[in-house]
Amino acid sequence: TPPMKPFSRSLQRDLDAAAEYDDDGKQYSAVDGSGKQNPERGARRPSRLFYLALLYVVFWALVFYHHFSTSMQQSVSAAVAAPAVLQLKPSAFFSVPRIFRRDPCAGRYVYMYDLPPRFNADLVRECRRISGSTDVCKDVANDGFGPPIKGGGEAGSLPESGAYDTDQYMLGLIFHARMRRHECLTADPAAAAVVYVPFYAGLDSAMHLGSKDLAARDALSRDVVDWLAQRPEWRAMGGRDHLLVSGRGTWDFIVNPDAVGWGNALMTFPAILNATFLTTEASPWHGNDFAVPFPSHFHPSSDAEVTGWQDRVYEMDRSFLWGFAGGARDGSQRTVRAQIMEQCGRSSRCALLGVPAPGHYAPGRAMRLLESAEFCVQPRGDGYTRKSTFDTILAGCIPVFFHPVSAYLQYIWHLPRDHRSYSVFIPHGDVVERNASIEEVLSRIPPAKVAQMREQVIRLIPTVLYRHPAAKGVTFKDAFDVALERVIDRVAKRRRAAAEGREYVDSIDGKFSWKYDLAQDREKMLAPHEFDPYINT
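Per-chain numbering applies: the sequence of each chain, read as written, is numbered from 1 onward. For this predicted model, a pLDDT threshold of at least 70 governs which residues receive local features, and a threshold of 80 or more governs which side-chain atom pairs are given and counted, while totals over whole chains, interfaces and linings are taken from all residues. Hydrogen atoms and water are omitted, and side-chain values are computed over all heavy atoms in the structure.

1. Some words on empty space enclosed by the protein
Put simply, the test is: Here the term cavity refers to a set of points on a 1 Å grid, laid over the protein atoms alone, in which a 1.4 Å probe fits but cannot get out; the term pocket refers to an open set having protein on both sides within 12 Å along at least five of seven lines, with lining residues being those that place an atom within 4 Å of a point. Grid points are joined across faces, edges and corners, and a volume is the space filled by probe spheres set on the points. Think of it this way: any DSSP run of H or I at least four residues long counts as a helix, any run of E at least two long counts as a strand, and we number them from the N terminus. By the convention adopted, Pro, Cys, Tyr, Trp, Phe, Met, Ile, Leu, Val and Ala count as nonpolar, Lys, Arg, Asp and Glu as charged, and the other residues, Gly among them, as polar.
Applying the stated criterion to the full structure yields 2 cavities of 30 Å³ or more. Approximately 50 Å³ is the volume found for the second largest cavity. Around the second largest cavity sit Tyr-169, Met-170, Gly-172, Leu-173, Tyr-200, Ala-201, Gly-202, Leu-203, Ser-246 and Gly-247, which together line it. For the lining of the second largest cavity, the secondary structure elements donating two or more residues are helix H7 (171–180) and helix H8 (201–206). Considering every element that reaches the lining of the second largest cavity, the biggest residue donor is H8, with 3 residues. Of the residues that constitute the lining of the second largest cavity, the class distribution is 6 nonpolar, 4 polar and no charged.

2. Focus on the packing of helix H11 (residues 303–315) against helix H17 (residues 447–464)
The test is simple: Note on geometry: axes are C-alpha line fits, over the in-contact stretch for helices, and angles between N-to-C directions span 0 to 180 degrees. Should an angle fall under 35 degrees it is called roughly parallel, over 145 degrees roughly antiparallel, and 65 to 115 degrees roughly perpendicular, with every other angle called oblique. Each helix crossing is assigned a hand: it is left-handed if the near helix lies turned anticlockwise from the far helix by less than a right angle, otherwise right-handed if that turn is clockwise. Note on contacts: a residue pair is in contact if any heavy atoms of the two residues lie within 4.5 Å.
At a minimum axis distance of 10 Å, the contact between H11 and H17 shows a crossing angle of 160°. Relative to H17, H11 is oriented roughly antiparallel. The chirality of how H11 crosses H17 is right-handed. Taking contact as the criterion, the partners of Val-306, Trp-309, Gln-310, Val-313 and Tyr-314 in H11 are, on H17, Glu-455, Ile-458, Arg-459, Ile-461 and Pro-462. When grouped by side-chain class, the residues that make up the contact of H11 with H17 number 7 nonpolar, 1 polar and 2 charged.

3. Some points on the state of the cysteines
For clarity, the threshold we go by: The term disulfide is used for any two cysteine sulfur atoms that are within 2.5 Å. Partly exposed describes any residue whose relative accessible area lies between the buried limit of under 20% and the exposed limit of over 50%, with all areas from a 1.4 Å probe on protein chains only and scaled to the type maximum.
Under the definition given, this model contains 4 disulfides. Note that Cys-127 is cross-linked by a disulfide to Cys-137, the S-S spacing being 1.8 Å. Note on the Cys-127 and Cys-137 pair: the S-S dihedral is about 100°, so by sign convention the disulfide is right-handed. Pair noted here: Cys-127 is in the loop between helix H4 (121–125) and helix H5 (128–131) and Cys-137 is in helix H6 (residues 135–139), with a separation of 10 residues, a long-range link. Taken individually, Cys-127 and Cys-137 each receive the classification buried, so the pair is uniform in this respect. Put simply, Cys-376 and Cys-397 are joined by a disulfide, and their sulfur atoms are 2.1 Å apart. In this structure, the disulfide formed by Cys-376 and Cys-397 twists by about 105° around the S-S bond and is classed as right-handed. Of the two residues, Cys-376 sits in strand S8 (residues 373–378) while Cys-397 sits in the loop between helix H14 (388–394) and strand S9 (398–401), which places them 21 residues apart along the sequence.

4. As for the confidence of the model for the chain
Here is the rule: Each residue carries a pLDDT value, the predictor's own confidence for that position, ranging from 0 to 100.
The predicted model of the chain averages 83 in pLDDT, with 76% of residues at 70 or higher. Within the model, the stretch residues 1–43 combines pLDDT values under 50 with 32 contacts to residues more than four positions away or in other chains. The model gives residues 67–95 a pLDDT under 50, and that stretch makes 15 contacts with residues more than four places away or in other chains.

5. So, the layout of surface pockets
Its volume calculated, the second largest pocket comes out at about 420 Å³. What lines the second largest pocket is a set of 19 residues, and nearest its centre among them are Arg-108, Arg-178, Glu-183, Arg-467 and Asp-481. Considering each element in turn, the lining of the second largest pocket owes the most residues, 4 residues, to helix H18 (residues 479–499).

The following block contains the structure:
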């Protein structure tokens, strides 16, 4: 390859050669045939190549100006300690000027209210009011992650780093911690795609569970609703762009305002109904609540921690066919849980933790059991759902459900619509009536299918955990990222509809709400569905 000619010489030669041709490509001379100068041609306008060269020079001048000005600004702060030295890296010459860069937060900005402390920080400080002990005060530590678990916990069943003893009801604090460090926070509410309300509704509800003092029970909920209603940010869209994270199940916020019940009436107030609520368990019959995963015990700070854990659970030796990390409940024996305890107790292929309610077990102990089984059964917990579902996924164990509301109609943003790809469904009626042996059903699944399902479960791990809020440079999307993206998308559609003078409907209240969430089609709401017998009876 011949050496490159100096830029200035080659450019001048090209310009001289181009000057011998007119715009039609015909050669000419500034001197005519008589030897006299042709004034028309001598005064000819510069060629197109001249303008291209001029643009080229101006463009690179802007690049150099941008780089030099930025470098000099950064060096000012260090001028006292050392003389300013301008260092140029080759990559600097090829960086894209800021004016040409796309805003990575375009359409993703979040405005977060600076709420009065009585709506969040004061509730944390009053943690002893929740249980009368220091347990909840332990749980609120580390922005809701709870105490760190050192050395992988019992038998090393948890990751060496990023493991915490996280309580299932701390999601409000966890979301707030992530949002405070969110890369797309804005101080301009007009530029925001979503407005976040950091109200610790779950802690407030927990302080009044079963209270007969209805006024005190609903006081703080009414206060936050009144506070929001007076804000211009709320009035701009009537709250349709607002997001609240309850930290508990919907059932704890839909108590009749005039009756004693378990929880409070926050989600029943008409003024708040336009907002989007994220809960750990949504109601199949309401339209403004969406379920997100319970927080598990792993909160990684890097991609390597996640992939390392995925590799580990993939290679684990699972010595049991199935297992149950739970215990018996008082009451009727005609329940799925009672049948699980009975069937598992008779089998050598089932691992049983067997902690009686309201017993508590160390997270490491439960995880060790979940990691030793191919399948992990998930009967109803305090509600339809269980935190153990996400501990099970974290352990790489295939979940087994007995009711569609336990997962399939809940976590539609985080779990695949094809529930057969990652889980097993056994109708609860078959188990309660003793028409089905759990072990026999699981034994009939071909090994190749089991392997496919486990791979899918392990792929789900990043999207159902909550990473550490201080993590830098991670590329995976966790449960927070997935939920926020879906809320932003929901608000964008509502905003476009409002601009067109109509109301966007992506969910409804009533007995067909769950079916609309799955199909997002009114016509399909009336079509038969495999889950009809479990919901509409």
